[in-house]
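The lines below spell out each chain.
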Amino acid sequence: MKKHKAPYFFIAPAVTLLVIFSIIPIMLALFISFTDMSLAGLADYSRIHFVGLENYINIFTDKLFGQAVLNTGYYVVIGVPLVIGISLALAIMINVGENRFFHFLRLVFYSPSITNTVAIAVVWMYLYNPTIGLLNHLLSYIHVGPILWLTDPSTSKISLIIIAVWRATGLNMLIFLAALRGIPVAYYEAAEIDGATKWQQVFKITIPLLKFSIFFVTVTTLIGWFQFFEEPFIMTKGGPLDSTVSVALFIYQNGFQYSKFGYAAACSFILFIGIILVTIIQLKIQNRQKQNGM
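Position numbers for residues count from 1 along each chain, tracking the sequence in the order it is written. Reporting of local features is limited, given that this is a predicted model, to residues whose pLDDT is at least 70; pairs of side-chain atoms are given and counted only at 80 or more, and all residues count toward the totals for whole chains, interfaces and linings. With hydrogens and water set aside, each side-chain value is computed from the structure's full complement of heavy atoms.

A. Expanded view of the overall build of the chain. Per the convention used, a helix needs a DSSP run of H or I reaching at least four residues, while a strand needs a run of E reaching at least two, with both numbered from the N terminus. Along the chain, the regular secondary structure elements total 14 helices and zero strands. Reading the secondary structure of the chain in the N-to-C direction produces α-α-α-α-α-α-α-α-α-α-α-α-α-α. Principal-axis analysis of the C-alpha atoms places the extent of the chain at approximately 75 × 75 × 35 Å. Expressed as a percentage of its 294 residues, the buried residues of the chain come to 36%. Two residues qualify as a contact provided that any one of their heavy atoms is within 4.5 Å of a heavy atom in the partner residue. For the chain, the share of sequence-separated contacts (at least 6 apart) that also reach a separation of at least 24 residues comes to 66%. Throughout this description, buried means an accessible area under 20% of the type-specific maximum (1.4 Å probe, protein chains only), exposed means over 50%, and partly exposed covers the range between.

B. Quick look at the packing of aromatic side chains. Any Phe, Tyr or Trp ring, taking Trp's six-membered ring, that has another such ring centre within 6.5 Å forms a pair; planes under 30 degrees apart are called stacked, those over 60 apart edge-to-face, and the others tilted. Under the definition given, this model contains 16 aromatic pairs. Taken together, a centroid distance of 6.2 Å and an interplanar angle of 85° make the contact between Phe60 and Phe65 edge-to-face. Here Phe65 falls in the buried class, since its relative accessible area comes to 7%. Here a set of aromatic residues connected by ring pairs shows up, and it is made of Phe60, Phe65, Phe250 and Tyr263. For Lys237, the ring lying beneath its charged end belongs to Phe233, and the centroid distance is 5.3 Å. If you follow Lys260 out to its NZ or CZ, it ends over the ring of Tyr263, 4.5 Å from the centre. Note on geometry: a ring has a charge over it if NZ (lysine) or CZ (arginine) is within 6 Å of the ring centre and within 35 degrees of the ring normal.

C. Structural detail: the side chain of Gln286. Relative to the elements of secondary structure, Gln286 occurs in helix α14 (residues 261-291). With a relative accessible area of 11%, Gln286 lands in the buried category. Setting aside residues up to four positions removed in sequence, Gln286 forms contacts with Phe212 and Phe215.

D. A look at the environment of Tyr126. Within the secondary structure, Tyr126 sits in helix α6 (residues 117-127). Expressed as a C-alpha distance, the spacing of Tyr126 and Pro13, which sit 113 residues apart in the sequence, is 46 Å. Apart from the residues lying within four places of it in its own chain, the contact partners of Tyr126 are Gly133 and Leu134.

In structure tokens:
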């Protein structure tokens, strides 16, 4: 009997933390989403009223929320493939290299992932400065610009995507590097004997054997970009003309700037459901590929 109970004792601390810091807050947020809770309601609970589905109905008629959804979709469609493609390419390049320079590159590309976001934002705001910024200065040599990187709606989203991709690439690169270390060298030796080129080895051996790692990075990257918040919050505050406001920033603004906690909670659950649906689709695609033997 004790042997059967032992596993539960080992997982009890993790389950307890999960319940206290995840399950219970999620349930409270779900309850709040059906109320008109505000800052006044926190001071006096009698001011909190049950409004049913009113918050959810108002969200879907909110033009700013629609803009936030479109912006977030733009971030996901552009940012996710870039992060996966660049991090995979860097991992393969560094894995092939044998001298110390390639070991140094791992540090170079990983550093942005562990650097404070505010510090990164300060540096990039100088780079993006339309008058004294380095990027516009370099572009002036080829007679391009000046470009209003963060103050023009047509370029502001791309500017934020560049920063986010640069910051997220390093962590995913390490995940791919760890997976690459697990591929037996014998596969490549056999391919070389058969006359396969390096490119053929990459597309016929490396990428197929990295399917699970690519799937994992795709799911985590999608979730991260659906919750895209730090860059637009710090650098543009959602502007100009709401062109960079994301769903996560929309939630923050309504909850902490406008004190509409019920409205923000309802929006967060819509985002939560969207992330779950995308993850389920990814899992079904992965399972279907396994069944087909791909």
